[in-house]
Amino acid sequence: MTRKKPSAVTSTRVWQRMLSGRRLDLLDPSPLDVEIADIAHGLARVARWNGQTSGAHIFSVAQHTLLVEAVLRQQKPRIDLSFRLAAMLHDAPEYVIGDMISPFKAVLGGDYKVVEKRLLAAIHIRFGLPPVLADHITQAIKAADRGAAYLEATKLAGFAEAEARRLFGRDPGLPPATQQDYLTPWTAAKAEKQFLARFAALNAP
């Protein structure tokens, strides 16, 4: 009797082991396998802009998410804490799949987005957020994300202001001291620590 060859589906690994010991399935992620420590550790080591930023350190996705949450607070000062948390977690799937620049996402097409959305839904459920946010909250977070991208583009990634305005919209108007803090690239250790501290503040009972 001849043995059947395993199919590509069953023989291909579609999960990643985390430092916490969790094993996260990319195709069917469980909220039970999501840990904030894994997210913070991963995002602090993923570079925005493919690493094409000025400074002694990479500008990490962890630091970017904190900048987005700061911009959201500036634009929507009365927004609920849970939605500030959602803003901080908007790029959390990148602790597994990395940060791909928007032009490359467009090349990859729909499959990338399907995986990303499943991961984000699992992350939301793990931390008490709706799997899919209401449209007005999603739009508010996207606007804050664009504002953060404008600042990163002009302060760190070599874009002219006119080009950044065309691609990302207007300057979100963060106070200079806030800009100085959030736009000075941190070490991975500091980005991880700051991410966890802000998560704790927003997720406090």
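What this report covers is the structure whose coordinates are included nearby. Please read all numbers here as calculations on a predicted model, not as lab measurements.

**Description of unusual backbone geometry**
The backbone of tryptophan 49 sits at a positive phi, close to 60°, despite the residue not being glycine. Judged by its relative accessible area of 16%, tryptophan 49 falls in the buried class. A positive phi is found at asparagine 50, a non-glycine position, where the angle reads about 55°.

**Remarks on the packing of helix α8 (residues 135-155) against helix α9 (residues 161-168)**
As a packed pair, α8 and α9 sit with axes 9 Å apart at the nearest point and diverge in direction by 160°. Taken together, the axes of α8 and α9 lie roughly antiparallel to each other. Considering only the axes of α8 and α9, their crossing is right-handed. For the pair α8 and α9, the contacting residues are Arg146, Ala149, Tyr150, Ala153 and Thr154 in the first and Glu161, Ala164, Arg165 and Phe168 in the second. Counted by class, the contact of α8 with α9 contains five nonpolar, one polar and three charged residues.

**Considerations on the nonpolar core**
Core analysis: the biggest nonpolar cluster contains 55 residues, and Ile39, Leu67, Leu89, Tyr95, Ile123, Phe127 and Phe195 have the highest contact counts within it. Elements with a minimum of two residues in this core: α2 (36-43), α3 (61-75), α4 (81-88), α5 (94-97), α7 (110-126), α8, α9 and α11 (188-202). Top element by residues in this core is α8. It accounts for nine residues. For isoleucine 123, the residues in contact, after removing those within four places along its chain, are Val34, Ile39, Leu89, Ala92, Pro93 and Tyr95.

**Focus on α8**
Relative to the 30 Å expected for 21 residues at 1.5 Å per residue, α8 spans 30 Å between its end C-alpha atoms, a close match to the ideal helical length. Here α8 has its buried residues at Ile137, Ala140, Ile141, Ala144, Gly147, Ala148, Ala149, Tyr150, Leu151, Glu152, Ala153 and Thr154. Contacts made by the buried residues of α8 are with α3, α4, α9 and α10 (176-182).

**Things to note about the side chain of arginine 48**
Its place among the elements puts arginine 48 in the loop between α2 and α3. Within the structure, the side chain of arginine 48 is placed 3.5 Å from the side chain of histidine 64, a separation counted as a polar contact. Setting aside its immediate chain neighbours within four residues, arginine 48 contacts Thr53, Phe59, Ser60, Val61, His64, Asp91, Asp99, Ala149 and Glu152.

**Focus on the packing of α3 against α4**
Packing of α3 against α4 brings their axes to within 8 Å, and their N-to-C directions diverge by 145°. The chirality of how α3 crosses α4 is right-handed. Mapping the contact onto sequence places Thr65, Leu66, Val68, Glu69, Leu72 and Arg73 in α3 and Phe83, Arg84, Ala87 and Met88 in α4. For the contact of α3 with α4, the per-class residue count stands at six nonpolar, one polar and three charged.

**Considerations on the packing of aromatic side chains**
Under the definition given, this model contains five aromatic pairs. Taking 6.2 Å as the distance between ring centres and 45° as the angle between the ring planes, the aromatic pair formed by tyrosine 182 and tryptophan 186 counts as tilted. The burial state of tyrosine 182 is the same as that of tryptophan 186; both residues are buried. When the ring centre of tryptophan 15 is taken as reference, the NZ or CZ atom of arginine 23 above it lies at 4.5 Å.

Rules behind the numbers
- Residues numbered from 1 in each chain as written.
- Predicted model: local features only at pLDDT ≥ 70, side-chain atom pairs only at ≥ 80, totals over all residues.
- Heavy atoms only, no water.
- Buried < 20%, exposed > 50% of the residue type's maximum accessible area, 1.4 Å probe, protein only.
- Axes fitted to C-alpha atoms, helices over the stretch in contact; angles between N-to-C directions.
- Helix = DSSP H or I, 4+ residues; strand = E, 2+ residues; numbered from the N terminus.
- Parallel < 35°, antiparallel > 145°, perpendicular 65-115°, else oblique.
- Left-handed = near helix turned anticlockwise from the far one by under 90°.
- Contact = heavy atoms within 4.5 Å.
- Nonpolar A, V, L, I, M, F, W, Y, C, P; charged D, E, K, R; others polar.
- Core = buried A, V, L, I, M, F, W, Y, C linked by side-chain atoms within 4.5 Å.
- Expected span 1.5 Å × (residues − 1).
- Polar contact = N/O pair within 3.5 Å; in protein donor to acceptor, adjacent residues only side chain to side chain.
- Phe/Tyr/Trp six-rings, centres within 6.5 Å; stacked < 30°, edge-to-face > 60°.
- Lys NZ or Arg CZ within 6 Å of the ring centre and 35° of its normal.

Function-wise, these values are silent; they only describe arrangement.
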